[in-house]
Each structure stands twice: as C-alpha cells, then as structure tokens.
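Each chain, letter by letter, is given below.
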Amino acid sequence: MTDGWLMDCREAADYLRLHPSTVYRMLKNCQLPAAKIGGRWRFRREWLDDFLEKKKRRIKNESVGVS
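Quick notes on the rules
- Residues numbered from 1 in each chain as written.
- Predicted model: local features only at pLDDT ≥ 70, side-chain atom pairs only at ≥ 80, totals over all residues.
- Heavy atoms only, no water.
- Helix = DSSP H or I, 4+ residues; strand = E, 2+ residues; numbered from the N terminus.
- Expected span 1.5 Å × (residues − 1).
- Core = buried A, V, L, I, M, F, W, Y, C linked by side-chain atoms within 4.5 Å.
- Buried < 20%, exposed > 50% of the residue type's maximum accessible area, 1.4 Å probe, protein only.
- Contact = heavy atoms within 4.5 Å.
- Disulfide = S-S within 2.5 Å.

K.L.:
Please clarify how helix H3 (residues 45–64) should be interpreted in this entry.
P.N.:
A turn of α-helix holds 3.6 residues, and therefore any two residues three or four places apart point the same way. Relative to the 28 Å expected for 20 residues at 1.5 Å per residue, H3 spans 29 Å between its end C-alpha atoms, a close match to the ideal helical length. Backbone geometry just after H3 places Gly-65 at a positive phi near 90 degrees.

Here is the structure:
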C-alpha cells in the first residue's frame with residue numbers, strides 16, 4: 001500500500017482491526033477522517049494513522065489527568 005493509496009471501508013476496518021459496521025457507525029458519528037468519493041467512503045492511511053495517534057495521546061492524557 002502506498003502513502004497515496006485510498007482504502008475502502010473494508011480495508012480501513014481491516015487496518016484499524018474493527019468490524020466494518022463499527023467503521024460505518026463511526027463515520028455516521030463523524031468520528032473517523034474520510035472522504036466520500038462517488039458515493040463511497042475512502043480513507044488515506046495517513047489520515048487513519050493521525051486519528052490513532054490523537055486517540056492514543058488523548059487516552060494517555062486522560063489516564064494522567066491532563067486536559
């Protein structure tokens with residue numbers, strides 16, 4: 001997979017190790033970075049990596065008590 005490669009929902013779910021229905025639910029709640037192209041959701045790996053990094057930092061800060 002190259003950096004510019006766009007993933008579909010199934011590929012993004014595999015990458016995130018989530019069920020595809022979880023990915024769709026997160027999209028519905030605006031919780032995942034994605035673009036709708038031709039009526040289908042697409043993801044860049046770097047968007048998902050950034051999402052995971054931010055989530056990891058937020059969890060770390062919450063466990064330490066930092067806002």
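Let's pick the thread back up.
K.L.:
Is there a simple way to explain the nonpolar core in this structure?
P.N.:
Side chains that are nonpolar tend, in soluble globular proteins, to be buried together. If you look at the biggest cluster of nonpolar residues, it comprises twelve residues: Met-7, Cys-9, Ala-12, Ala-13, Leu-16, Val-23, Met-26, Leu-27, Leu-32, Phe-43, Leu-48 and Phe-51. Counting only elements with at least two residues in this core, the list comes to helix H1 (9–16), helix H2 (20–28) and H3. Among the elements that take part in this core, H1 stands out by supplying four residues, more than any other. Setting aside chain neighbours within four positions, we find Val-23 in contact with Cys-9, Ala-13, Leu-18, Leu-32 and Phe-43.

K.L.:
Before we go on, may I ask you to explain the state of the cysteines in this structure?
P.N.:
Every disulfide links exactly two cysteines, by a covalent bond between their sulfur atoms. For the structure on display, the rule yields zero disulfides. Counting only cysteine sulfurs, Cys-30 is the nearest neighbor of Cys-9, a cysteine outside any disulfide, at a range of 14 Å. For Cys-9, a relative accessible area of 5% puts it in the buried group.

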